[in-house]
Amino acid sequence: MNIPGSERLEKVYGESVKSAERFKALAENFQKKYGHDEAEFFTSPGRTEIIGNHTDHNGGRVIAGSIDLDTIGAAAKNNTNVIHITSEGYQNEIVADITKLDSVPRTGGTDALLAGMMEAAGKFGFQTGGFDAYVSTNVIAAAGVSSSASFEMLICTIVNHLFNDASMSVADYARIGQYAENVFWNKASGMMDQMACAVGGPVLFSFANGSQPEYRPLDFSFQSKGYRLVIVNTGKGHADLSDEYSGIPNEMKDAARALGVNRLCETSLDKLLAHAGEISNDRAVLRAIHFFEEDRRVGEMVTAIENDDTAKILRLIRESGTSSWELLQNCYSLQNCKEQKITLVLALTELFLNKIGDGVCRVHGGGFAGVIACLVPLAETDNYVKYIARYVGEDNVYPMNIRSVGAVRV
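Right, let's walk through the structure included here. Predicted, not measured: the structure shown is a model, and the values here were computed from it. (Residues numbered from 1 in each chain as written. Predicted model: local features only at pLDDT ≥ 70, side-chain atom pairs only at ≥ 80, totals over all residues. Heavy atoms only, no water.)

Overview of the overall build of the chain
So, step 1. A count of helical and extended segments in the chain gives 12 helices and 12 strands.
So, step 2. Dimensions of the chain along its principal axes, counting C-alpha atoms only, are 60 × 50 × 40 Å.
So, step 3. The 410 residues of the chain split such that 56% are buried.
So, step 4. Partitioning the contacts of the chain with sequence separation of at least 6, the portion at a separation of at least 24 is 73%.
So, step 5. Carbon and sulfur atoms provide 45% of the accessible area of the chain, an area that totals close to 17,000 Å².
So, step 6. For the chain, the centre of its 38 positive side-chain charges and the centre of its 51 negative side-chain charges are spaced 2 Å apart. (Helix = DSSP H or I, 4+ residues; strand = E, 2+ residues; numbered from the N terminus. Buried < 20%, exposed > 50% of the residue type's maximum accessible area, 1.4 Å probe, protein only. Contact = heavy atoms within 4.5 Å. Areas by Shrake-Rupley, 256 points an atom, 1.4 Å probe, with all protein chains shown as cover. Lys, Arg positive; Asp, Glu negative; His and termini not counted. Charge placed at Lys NZ, Arg CZ, Asp CG, Glu CD.)

What about empty space enclosed by the protein?
So, step 1. Within this structure, the stated rule accounts for three cavities of 30 Å³ or more.
So, step 2. Of the voids in this model, the largest cavity is the one considered here, and its volume is about 70 Å³.
So, step 3. Lining the largest cavity, in full, are Thr 48, Glu 49, Ile 50, Phe 222, Leu 229, Ile 317, Val 360, Cys 361, Arg 362, Ala 373, Cys 374 and Leu 375.
So, step 4. Breaking the lining of the largest cavity down by element, the ones donating at least two residues are β1 (40–51), β9 (360–363) and β10 (371–377).
So, step 5. Partitioned by chemical class, the residues of the lining of the largest cavity number nine nonpolar, one polar and two charged. (1 Å grid on protein atoms, 1.4 Å probe; cavity = no way out; pocket = protein on both sides within 12 Å on 5 of 7 lines; lining within 4 Å. Points joined across faces, edges and corners; volume = space filled by probe spheres on them. Nonpolar A, V, L, I, M, F, W, Y, C, P; charged D, E, K, R; others polar.)

Let's talk about the packing of aromatic side chains
Two aromatic rings are characterised by how far apart their centres lie and by the angle between their planes.
So, step 1. All told, the structure shown has 13 aromatic pairs when counted by the stated rule.
So, step 2. Arranged with centres 5.3 Å apart and planes meeting at 80 degrees, the rings of Phe 291 and Phe 292 form a pair that is edge-to-face. Of the two residues examined, Phe 291 and Phe 292, each falls in the buried class.
So, step 3. An aromatic cluster of three or more residues is present, and its members are Phe 352, Tyr 384, Tyr 387 and Tyr 391.
So, step 4. One Lys or Arg, Arg 106, reaches over the ring of Phe 184 and ends 4.3 Å from the middle of that ring. (Phe/Tyr/Trp six-rings, centres within 6.5 Å; stacked < 30°, edge-to-face > 60°. Lys NZ or Arg CZ within 6 Å of the ring centre and 35° of its normal.)

As for the packing of helix α4 (residues 147–163) against helix α5 (residues 170–184)
So, step 1. Contact geometry of α4 with α5 gives a least axis separation of 9 Å together with a crossing angle of 125 degrees. Here α5 runs oblique to α4, going by the angle between their axes. Here α4 and α5 pass one another in a crossing that is right-handed. Mapping the contact onto sequence places Ser 148, Glu 152, Met 153, Cys 156, Thr 157 and Asn 160 in α4 and Tyr 173, Ala 174, Ile 176, Gly 177 and Glu 181 in α5.
So, step 2. Taken together, the residues of the contact of α4 with α5 break down into five nonpolar, four polar and two charged. (Axes fitted to C-alpha atoms, helices over the stretch in contact; angles between N-to-C directions. Parallel < 35°, antiparallel > 145°, perpendicular 65-115°, else oblique. Left-handed = near helix turned anticlockwise from the far one by under 90°.)

Some words on the side chain of Glu 181
So, step 1. Relative to the helices and strands, Glu 181 is located in helix α5.
So, step 2. Here Glu 181 occupies a buried position and makes no salt bridge, while the nearest side chain of opposite charge, Lys 187, is found at 4.3 Å. (Salt bridge = Lys/Arg side-chain N within 4 Å of Asp/Glu carboxyl O.)

Describing the pattern of salt bridges
Pairing is possible between side chains that carry opposite charge, provided their charged atoms lie close to one another.
So, step 1. Applying the stated criterion across every chain yields a total of 22 salt bridges.
So, step 2. Here Asp 70 and Arg 22 are joined by a salt bridge, their closest N and O atoms 2.7 Å apart. On the criterion of sequence distance, the pair formed by Asp 70 in strand β2 (residues 61–77) and Arg 22 in helix α2 (residues 18–34) is long-range, its members being 48 residues apart.
So, step 3. With a relative accessible area of 24%, Arg 22 lands in the partly exposed category.
So, step 4. A salt bridge links Glu 119 to Lys 123; the nearest nitrogen and oxygen atoms lie 3.8 Å apart. On the criterion of helical spacing, the pair formed by Glu 119 and Lys 123 is a turn pair, its members being four residues apart in helix α3 (residues 110–123).
So, step 5. On the basis of relative accessible area, Lys 123 is assigned to the exposed category, the value being 57%.
So, step 6. One network of salt bridges, in which partners are shared, links Glu 293, Arg 296, Glu 300 and Lys 312.

Examining unusual backbone geometry
So, step 1. Positive phi, close to 55 degrees, is recorded for His 54, a residue that is not glycine.
So, step 2. Note on placement: His 54 falls in the loop between β1 and β2.
So, step 3. Take His 54: its relative accessible area is 4%, and that puts it in the buried class.
So, step 4. We note that Gln 329 has phi near 60 degrees; this positive angle belongs to a residue other than glycine.

Section: the environment of Asn 233
So, step 1. Mapped onto the fold, Asn 233 is located in strand β8 (residues 227–233).
So, step 2. Note: C-alpha distance between Asn 233 and Asp 68 (165 residues apart in sequence) is 16 Å.
So, step 3. Within the structure, the side chain of Asn 233 is placed 3.1 Å from the backbone nitrogen of Gly 235, a separation counted as a polar contact. (Polar contact = N/O pair within 3.5 Å; in protein donor to acceptor, adjacent residues only side chain to side chain.)

Rendered as structure tokens:
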């Protein structure tokens, strides 16, 4: 079985030795599990949110990028109506019969997610069919870098190339993933995670147009500014916190409806302030204020990137993180307020950054538990990794880069 060539791997990964080893092992496991002599190979990255925390679901703007951790897959048609997926490290095979999607319990789990994606693909006018796939990932699970969206975009890419002659757009991918999470997981997700995984590179997204997000690439890298992005898994995933996560978009939309619209992007901060006293849920008001200020910061960040203003870029990221902590309130769960892994690791990181006099840190992604993102001076990256590893373990610290390639066939 032929694996992707070195030229293609270089384009995706910037190297072709370690990545070739991964795909060789993937091909061998796929052949052993399903008996196919040929396969197509696919990759879908995780994502990092640079700025725009919890704005997508209310039509705001986000700057995000794909990262150099990814989910890879080998797949082939099986000429049936049943999808079989083996995910490395998990005992149970993921199975979906595309003729019996209505019978799948909509109670979470990867089987439900897969069924939801196949239902969405059909509803949106795309072809589906049975296939076998073997999947492997190094994206941190349930920790805010979108392991679920990475998986979703991998499956969309497989379906696109096996059954739809590459006619699906990245917006189609994102709509399919969002539908599966909304309907089969009962999770009020937006489309930012999916879009960032699918598109690749640092990208400005606008979600005001609902199911057709607008986006444009940005010419930017942290390394060129002298910083390394470090993602730190604080030691507790947010997989069991869907109610907390969904509460944010729901409360923002409650505030919007109090102002006579459906989403906050359709109104303004001035109108919110004029009617704040009429909204009984104080937290909904605070979260709405975060939305408007965060959307403003995204716009200012684009200008700062275009003006090569590194100091302002760092300041805006710091302000964004503070707003998430104080107004959005997604740094720990009220279900157990004594467990505050994110705020603890943020505080520990701030001590380090204050000591060296440079860098920023913030909650990353959905929040409540999971990961933080740090921008550390290149010369101090190793020192920070050693420092924070004393508290979270070396395996939970991930220096990484933004990857230029999104979800693709390799």
